[in-house]
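Next come the chains, spelled out residue by residue.
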Amino acid sequence: MNSGSKAWDVTVEVMNQCAGSCTGCTLSLEERRHGEAVVGLGEFETAMKHLARHGNQHGMVFRPVLVYGDMPLMPHAMLKGYLDACARNELPIGVTLTLASEGLDEHYAESVQMILGHGDVVLDMTIDPFRLTAKEPYALRVQSALASNGHNHVQVLLSEVMINRMVPEELAAQLESVIGDHPVSIVFTPTQVNLLRRQYQFDVNEAIRYAREFYATRPWHEAHYRREMKRLTCAHGDYASFVGQAFHIGRGLDLYATIFTPFGDLILDGRNGMAPVGNLCDDALEGLPRAPRLLSLQARNAGWLRHDTYGCGTCEHYEVCSFHGVGIANKLYSGHDSKHGTCYGPRAFTNEEAAVV
Ligand code: SF4
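One structure accompanies this document, and this report is about it. (Residues numbered from 1 in each chain as written. Predicted model: local features only at pLDDT ≥ 70, side-chain atom pairs only at ≥ 80, totals over all residues.)

Quick look at the overall build of the protein chain now. For the protein chain, the count of helices and strands is 17 helices and 11 strands. A globule of 357 residues ought to have a C-alpha radius of gyration of about 21 Å, and the protein chain, at 19 Å, matches this closely. Each of the three principal axes of the protein chain carries a C-alpha extent, and together these read 55 × 50 × 35 Å. Taken across its 357 residues, the protein chain has 47% of its residues classed as buried. The contacts of the protein chain with a sequence gap of at least 6 include a subset with a gap of at least 24, amounting to 75%. (Helix = DSSP H or I, 4+ residues; strand = E, 2+ residues; numbered from the N terminus. Rg over C-alpha atoms; globule rule 2.2 N^0.38 Å. Buried ≥ 20, exposed ≤ 12 C-beta atoms within 10 Å, placed from the backbone. Contact = placed C-beta atoms within 7 Å.)

This part is about the site of the ligand. With respect to spatial proximity, 14 residues lie near the ligand, and among them C312, C315, C321, C343 and G345 are the closest. Secondary structure elements with two or more residues in the shell around the ligand: α15 (318-324) and α16 (326-333). Looking at the shell around the ligand, its residues break down into nine nonpolar, four polar and one charged. (Near = placed C-beta within 6 Å. Nonpolar A, V, L, I, M, F, W, Y, C, P; charged D, E, K, R; others polar.)

With that settled, consider helix α3 (residues 76-88). Helix length check: α3, at 13 residues, gives a terminal C-alpha distance of 18 Å against a target of 18 Å (1.5 Å per residue), a fit within 8%. Looking only at α3, the buried set comprises L79, Y82, L83, A85 and C86. Angularly, the buried residues of α3 cover 150° about the axis, an arc narrow enough to put them on a single face. For α3, exposure combined with an orientation more than 90 degrees from the buried face picks out H76, A77 and R88. The secondary structure elements touched by the buried residues of α3 are β1 (7-15), α2 (41-58), β2 (61-68), β3 (93-97) and α4 (105-116). (Expected span 1.5 Å × (residues − 1). Arc of directions from axis to C-beta.)

Before going further, it helps to examine the nonpolar core. Judged by nonpolar contacts, the single largest core of 105 residues is most densely connected at V12, V14, L158 and V243. Counting residues per element, this core draws most heavily on helix α10 (residues 204-215), which supplies seven residues. The contacts of L158, once residues within four sequence positions are left out, are G24, I163, I186, V187, F188, A207, Y210 and A211. (Core = buried A, V, L, I, M, F, W, Y, C linked by C-beta atoms within 7 Å.)

Rendered as structure tokens:
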């Protein structure tokens with residue numbers, strides 16, 4: 001995942017608290033209730049030093065993206081600690097936010113001001129369309145935060161509830177009334193944990209149909225979708241080299257692999273039944289593309305793409321799916337999509353027949 005032409009996004013699990021209720025969320029309800037740090041300030045500072053040093057050695061810029069919760073919700077001193085650590089190490093910053101708590105407008109306004117005061121910042125906002133319809137202060141907070149920053153990623157998480165209760169045109173109109181012509185991504189990356197809890201049904205064909213229809217509703221969404229697909233269909237090596245540039249840092253500074261798909265990014269942590277591929281200590285980033293667990297994951301990715309369930313062997317996207325780890329995504333969802341039978345790669349979006357049951 002790359003946030004633009006210059007910086008490589010590295011997600012860091014800092015804090016999970018969020019008052020949102022999106023059913024497509026990576027987090028469980030229980031996780032969303034807790035405001036304590038997952039990667040604390042001391043560890044975070046260490047992580048930033050490693051990212052800065054590794055980036056400098058390789059002529060790359062990493063952008064730490066603080067995930068998964070609603071970051072502006074945290075106490076200001078704590079938030080400042082994380083932001084300052086990025087600034088001290090001269091790293092750009094990404095911040096996930098939902099602004100979903102009511103009665104905290106002043107707190108939120110101060111947090112957003114503090115975040116934007118730290119220079120090169122991407123606001124990574126998840127919007128809950130149902131909340132947008134029901135609560136005016138929420139819509140104003142979302143509108144104001146996005147209007148105050150020039151570089152934002154905005155997403156709506158797709159779920160069974162979304163698909164059944166709001167048609168794409170209604171969603172597009174709702175979003176347009178609040179954030180105008182800001183492009184929005186439709187994300188559909190349920191974790192194994194949430195799927196096993198039956199938080200929602202998995203129907204990838206419905207998700208594709210919904211996303212395609214949504215992107216076609218407005219020219220700015222269509223243009224955004226085309227840009228994303230162009231970015232997605234570039235490959236520059238093997239899967240281990242992709243993860244060497246786009247990884248996740250979790251509790252105890254464990255390093256996890258990620259996957260890049262047209263449905264959004266997937267993080268291969270415990271929520272997807274995956275173990276860390278390393279731990280962030282001296283030289284860990286240098287050695288990451290050769291880490292035994294990552295090489296094993298790379299071999300499994302290649303193996304799963306060779307399983308000819310979806311016709312990967314003759315597919316024009318084989319190389320990019322190899323690079324971005326889409327074979328692993330296919331395997332992760334295989335127990336859930338057997339009735340629907342489409343892959344998790346670009347072909348699902350680009351080939352009309354691929355999405356037909
Ligand atoms: S787009 Fe789908 S069919 Fe093509 S290589 Fe990727 S996973 Fe396989």
